[in-house]
Amino acid sequence: MPSPSPDGGGLHADAVRVLRGWRAPDAAQERLRLDFVRHLEEHPDGTWRECVPGHITASTIVLDDSRSRVLLTLHRKVKAWLQLGGHCEPGDATLAGAALREASEESGIEGLELPPVPVRLDRHAVRCHPEGSWHLDVQYAAFAPPGARHAISDESDDLRWFPVDALPEPTDDVVRRLVRQAAGLTG
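Anyway, here's the lowdown on the structure attached to this text. (Residues numbered from 1 in each chain as written. Predicted model: local features only at pLDDT ≥ 70, side-chain atom pairs only at ≥ 80, totals over all residues. Heavy atoms only, no water.)

### Remarks on unusual backbone geometry
Keep in mind that most residues, glycine aside, have a negative phi and that most peptide bonds are trans. In plain terms, the rule: We count a stretch as a helix when DSSP gives it H or I for four or more residues in a row; a strand needs E for two or more, and each element gets its number in order from the N terminus. Only protein chains enter the calculation, and the probe is 1.4 Å; a residue is then buried if its accessible area is under 20% of its type maximum, exposed if over 50%, and partly exposed in between.
That bond from Glu169 to Pro170 is cis: its omega, -5 degrees, falls within 30 degrees of zero. In this structure, Pro170 sits in the loop between strand S7 (156-163) and helix H4 (173-183). Notably, Lys79 is not glycine yet its phi reads approximately 60 degrees, a positive angle. Along the chain, the position of Lys79 falls in the loop between strand S2 (69-75) and strand S3 (81-82). The class for Lys79 is partly exposed, based on a relative accessible area of 47%.

### With respect to the packing of aromatic side chains
The geometry of an aromatic ring pair comes down to the distance between the two centres and the angle between the two planes. Our working definition: Aromatic rings from Phe, Tyr and Trp, taking only the six-membered ring of Trp, are treated as a pair when their centres fall within 6.5 Å; an angle between ring planes under 30 degrees marks them as stacked, one over 60 as edge-to-face, and anything in between as tilted.
As enumerated under the stated definition, the model contains one aromatic pair in all. Consider the rings of Trp81 and Phe162, whose centres lie 4.9 Å apart with planes at 75 degrees: the pair is edge-to-face. In this pair, Trp81 is assigned in strand S3 and Phe162 in strand S7, connecting sequence segments 81 residues apart. Both residues of the pair, Trp81 and Phe162, belong to the buried class.

Structure follows, in structure tokens:
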């Protein structure tokens, strides 16, 4: 795999464009949006895992075609039910493209539809580096085609559909807020 461009290339420019143009749904999300933009302004490599202070990630909540069920992964490392997603890779030209790639890889579902506008943002501490780091997660929603069949990837202990109003434990408020907001979208 080619190494990422130190300045993030087109992905960095796309991330800045997306985050500058995104309309946050509330004051807390607006503060995160401004923090993410500032991070990218200060870190030309801010879209890559190698950026120690923190790096942009792209995740996706996948809803079925009825918008009544959500696909969650029992994450192999975290041991909690989460949305799909992860680190940006050198072949990713856009944040939405990274989110769609991750969702497709981790779900095994072909033909996901992903609107190019994020749903929410989240910042959480991770151990990507020995000294610790932050994921600056740009969260999208994707919609599965009718009859979509999923397949568990090697990053998951399990992968299942759940009613949007009956999420499993353990999960967290970040996932619950993302599901609530995404379930109100039209795909």
